[in-house]
Amino acid sequence: METSATLIDIPDIADIHLAEARIRQQVCQTPVVTDPLLDADLGCKLYCKCENLQRTGACKLRGASNAISRQAEREIMGDVATHSSGNHGAALALAARLAGRTAHVVMPDNSSKMKIEAVRSYGGEVHFCEPNHASRAAGLERLIDQGKTPIHPYDHPDIIAGQGTAALELEQEVPTLEQVITPLGGGGLVSGTVIATRSWGVDVYAVEPEGAAD
């Protein structure tokens, strides 16, 4: 049985609409594109939401921007902390910098050099750890002990609500959708997508590469 605290922490469609209004100045409304060759090959009309063209190169800026804005609304100031192998860390670094704060990111020491430099270039401070979940969690805990506010990369209501804004934009541009396919990853994007699309009557499929199936 779920507790009331658990239910309160789960965002709803109203939270996603509020997130959209909150972050529209920080994020790009990414284009939706089609490809006749893909349509012919798949036997359907495919619409691709180009979050690769988002600032920092991924949808993660949506959730990070919403989380940072919500911190300010709650009058929780100071630096923030997270763990990430790259995309969330870079997004949180930029969102924090735009708000005059600093993001501290625990990253595995075998992370892509390009992603490490991305976090740094957006103003984040990188703290290396061994490439396993326990080390990530321990590194984040040390930063929390130092007084930094944690913002989990996907298991966080403000992150989920922010990620759901991508689906809102998609529905507004293509209201005739029947199915939505989204990357799985940690689950923040697909959670926000399911919440955003619940009233449309569409099926949502979460997918990940066979060679990187976590």
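Here the structure is shown first, and the text comes after it.
A short tour of the structure in this document, coming up. Since this is a predicted model, take the numbers as computed values, not measurements.

Comments concerning the sheet that holds strand S4 (residues 103–108)
Taken in spatial order, the four strands of this open sheet run S5-S4-S3-S6, and their pairing is parallel. Edge positions in the sheet fall to strand S5 (125–129) and strand S6 (149–150), since each has one partner strand and no second. Inspection of the sheet shows strand S3 (residues 80–83) paired to S6 by two bridges, in the parallel sense. Bridging from a neighbouring strand, alanine 81 pairs with proline 150 of S6. Of the strands in this sheet, S4 and S5 are in contact with helix H6 (residues 113–121), which crosses S5 at around 145°.

A word on the state of the cysteines
All chains considered together, the criterion is met by zero disulfides. Here cysteine 44 is not cross-linked by a disulfide; its sulfur's nearest cysteine counterpart is in cysteine 48, at 9.8 Å. Counting only cysteine sulfurs, cysteine 50 is the nearest neighbor of cysteine 48, a cysteine outside any disulfide, at a range of 6.5 Å. A residue is classified by how much of its surface remains accessible, and cysteine 48, at 30% relative accessible area, is partly exposed.

The rules behind the values
Residues numbered from 1 in each chain as written. Predicted model: local features only at pLDDT ≥ 70, side-chain atom pairs only at ≥ 80, totals over all residues. Heavy atoms only, no water. Pairing = 2+ DSSP bridges. Helix = DSSP H or I, 4+ residues; strand = E, 2+ residues; numbered from the N terminus. Contact = heavy atoms within 4.5 Å. Axes fitted to C-alpha atoms, helices over the stretch in contact; angles between N-to-C directions. Disulfide = S-S within 2.5 Å. Buried < 20%, exposed > 50% of the residue type's maximum accessible area, 1.4 Å probe, protein only.

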